[in-house]
Amino acid sequence: MPEPYDPLQPGDREAIAPTGQGGPMDLAIEEAESLEKDLSPNGPGPQEKPRSLWSDAWHQLRRNPVFLISSLLILFLVVISIWPQLIASGDPLQCDLSKSQQGSEPGHPFGYDTQGCDVYTRTVYGARASITVGICATVGAALLGSLLGGLAGFFGGWWDALLSRVADIFFGIPVVLGGLVFLSVVTSTTVWPVVGFIVLLGWPQIARIARGSVITAKQNDYVQAARALGAGSGRMLLRHVTPNAVAPVIVVATIALGTYIALEATLSFLGVGLRPPTVSWGIDISNAAPQIRNAPHMLLWPAGALSLTVLAFIMLGDAVRDALDPKLR
């Protein structure tokens, strides 16, 4: 005689059979089955670990067309500044006066300048000086400004007051006028006097941003908890404050890089920046300005390359700012 069916006892038959009517009992059974699959060893694992600020920013940047376009353009500019021979086989200092101000011809698509130099070759080689000045000046200003501003914001007191007054003095110096005075007494033809001048006037802006970021970061609960647990000032500054205060500095420095390249070209145009035989877009623009009516191609190509480079770095800075600032998402 068969035993009576007991739904509470395990067996080959289901404890609760689906009704097939799509009612609440069927829904409860489906939810139980899905929960059983999730909890089974072969089911899906735990949820992914939440992304950090940097990984989340990189995740967004990879999908931003502005970032991709500007990054590819900057990568191209950096490559040709290191190896200009890849796309220009001529010598930027080799000139032929018999071809002065002539237009484009086969092998010389940008024509010639007043001295008979190939404008295309000089435009390609001019990227080296501009990129070098921009990167070196940005790194120098960012390191110096971050160090001074970070220490002032973290320790405060007389150091903070002294740095603020010194920064105000540098903010009061006109950039172009300061360059005319400072660089007019320099006889070097290398890029380092220009880099030093830009760092000298560029660090206060970075220092002010770093100071504000550090003051905001050191007030967070995890910093106060580390202080309560006995962590030293150096450990708190390096492990807890700096990683959470560096994002605004990176954004400002990226945008400032394009500004520094334009500043170098301005100083070279005025005759106090880079000097021949250094090949620079600012020098070529200065030489082409008096002949803009007779030979506009001399001005068009170096000025266009300069504008495109500055625009690329500004676009990159805007994309990084949007990715690192959660309020803009």
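Residues numbered from 1 in each chain as written. Predicted model: local features only at pLDDT ≥ 70, side-chain atom pairs only at ≥ 80, totals over all residues. Heavy atoms only, no water.

A. Layout of the overall build of the protein. What the protein contains, in helices and strands, is eleven helices and zero strands. Traced from its N-terminal end to its C-terminal end, the protein shows the element sequence α-α-α-α-α-α-α-α-α-α-α. Sequence separation of at least 24 residues holds for 65% of the intrachain contacts in the protein that already meet a minimum separation of 6. In the structure as shown, the protein presents an accessible area of about 19200 Å², 64% of it carried by carbon and sulfur atoms. (Helix = DSSP H or I, 4+ residues; strand = E, 2+ residues; numbered from the N terminus. Contact = heavy atoms within 4.5 Å. Areas by Shrake-Rupley, 256 points an atom, 1.4 Å probe, with all protein chains shown as cover.)

B. Just the state of the cysteines, in detail. Scanning the entire structure with this criterion turns up one disulfide. Note that Cys 95 is cross-linked by a disulfide to Cys 117, the S-S spacing being 1.6 Å. Judged by the torsion about the S-S bond (65 degrees), the Cys 95/Cys 117 disulfide is right-handed. With Cys 95 in the loop between helix H3 (65-82) and helix H4 (119-155) and Cys 117 in the loop between H3 and H4, this residue pair connects regions lying 22 residues apart in the sequence. (Disulfide = S-S within 2.5 Å.)

C. Structural context of the packing of helix H6 (residues 175-183) against helix H7 (residues 192-217). At a closest axis distance of 11 Å, the pairing of H6 and H7 adopts a crossing angle of 135 degrees. Between H6 and H7, the interaxial angle falls into the category oblique. For the element pair H6 and H7, the recorded crossing hand is right-handed. Together, Val 175, Gly 178, Gly 179, Phe 182 and Leu 183 of H6 and Pro 193, Val 194, Phe 197 and Leu 201 of H7 make up the contact between the two elements. A per-class count over the contact of H6 with H7 returns seven nonpolar, two polar and no charged. (Axes fitted to C-alpha atoms, helices over the stretch in contact; angles between N-to-C directions. Parallel < 35°, antiparallel > 145°, perpendicular 65-115°, else oblique. Left-handed = near helix turned anticlockwise from the far one by under 90°. Nonpolar A, V, L, I, M, F, W, Y, C, P; charged D, E, K, R; others polar.)

D. A look at the pattern of salt bridges. The full count for this structure, using the stated rule, is seven salt bridges. For Arg 165, the salt bridge is made with Asp 168, and the minimal N-O distance between the two is 3.0 Å. Of the two residues, Arg 165 and Asp 168 both sit in helix H5 (residues 157-171), three residues apart, roughly one turn of that helix. Judged by its relative accessible area of 32%, Asp 168 is partly exposed. Overlapping salt bridges bring together Arg 165, Asp 168 and Arg 208 as one network. (Salt bridge = Lys/Arg side-chain N within 4 Å of Asp/Glu carboxyl O. Buried < 20%, exposed > 50% of the residue type's maximum accessible area, 1.4 Å probe, protein only.)

E. A look at helix H10 (residues 281-288). Within H10, six of the eight residues are buried, which leaves it mostly tucked inside the rest of the structure. Among all positions of H10, only Trp 281, Gly 282, Ile 283, Asp 284, Ile 285 and Ala 288 are buried. Sitting at the amino-terminal end of H10 is Ser 280, which places a side-chain oxygen 3.2 Å from the backbone nitrogen of Gly 282. (Polar contact = N/O pair within 3.5 Å; in protein donor to acceptor, adjacent residues only side chain to side chain.)

F. Representation of a nonpolar patch on the surface. Together, Val 175, Val 176, Leu 177, Leu 180, Val 181, Phe 269 and Leu 270 line one region of the surface with nonpolar side chains, adding up to about 560 Å² of accessible area. Per-element tally for the nonpolar patch: the top contributor is H6, with five residues. The class for Val 181 is exposed, based on a relative accessible area of 56%. (Patch = residues over 30% accessible without salt bridge, like charges linked within 9 Å, V, L, I, M, F, W, Y side chains within 5 Å.)

G. Quick look at the packing of aromatic side chains. Summed over the entire model, instances satisfying the criterion amount to six aromatic pairs. Note on Phe 110 and Tyr 120: the rings are 5.1 Å apart at their centroids and 75 degrees apart in plane angle, and the pair reads as edge-to-face. Taken together, the residues Phe 110 in the loop between H3 and H4 and Tyr 120 in helix H4 connect sequence positions ten residues apart. When its relative accessible area of 16% is taken as the criterion, Phe 110 is described as buried. Judged by its relative accessible area of 21%, Tyr 120 falls in the partly exposed class. Geometrically, the ring pair formed by Phe 110 and Trp 301 is stacked, given 3.9 Å between the ring centres and 5 degrees between the ring planes. Linking Phe 110 in the loop between H3 and H4 with Trp 301 in helix H11 (residues 297-324), this pair joins segments that are 191 residues apart in sequence. Looking at Trp 301, the relative accessible area reads 34%, which means it is partly exposed. (Phe/Tyr/Trp six-rings, centres within 6.5 Å; stacked < 30°, edge-to-face > 60°.)

H. A look at the environment of Gln 219. Examined against the element boundaries, Gln 219 turns out to sit in the loop between H7 and helix H8 (221-228). Among the residues examined, Gln 219 registers a relative accessible area of 54% and is labelled exposed. When the C-alpha atoms of Gln 219 and Phe 154 are compared, they prove to be 10.0 Å apart, with 65 residues separating the residues in sequence.

I. The arrangement of the nonpolar core in detail. Grouped together as the largest cluster of nonpolar side chains are 29 residues, with contacts concentrated most on Ile 261, Leu 306, Phe 313 and Leu 324. Listing elements by their share of this core, those giving two or more residues are helix H2 (53-61), H3, H4, helix H9 (233-269), H10 and H11. Per-element tally for this core: the top contributor is H11, with twelve residues. Listed in part, the 19 residues of the second largest apolar core include Ala 137, Tyr 260, Leu 267 and Ile 283. (Core = buried A, V, L, I, M, F, W, Y, C linked by side-chain atoms within 4.5 Å.)

J. Spotlight on the side chain of Asp 160. When you line up the elements, Asp 160 lands in helix H5. For Asp 160, a relative accessible area of 12% translates into the label buried. Among residues more than four places away in sequence, those in contact with Asp 160 are Ala 152 and Arg 211.

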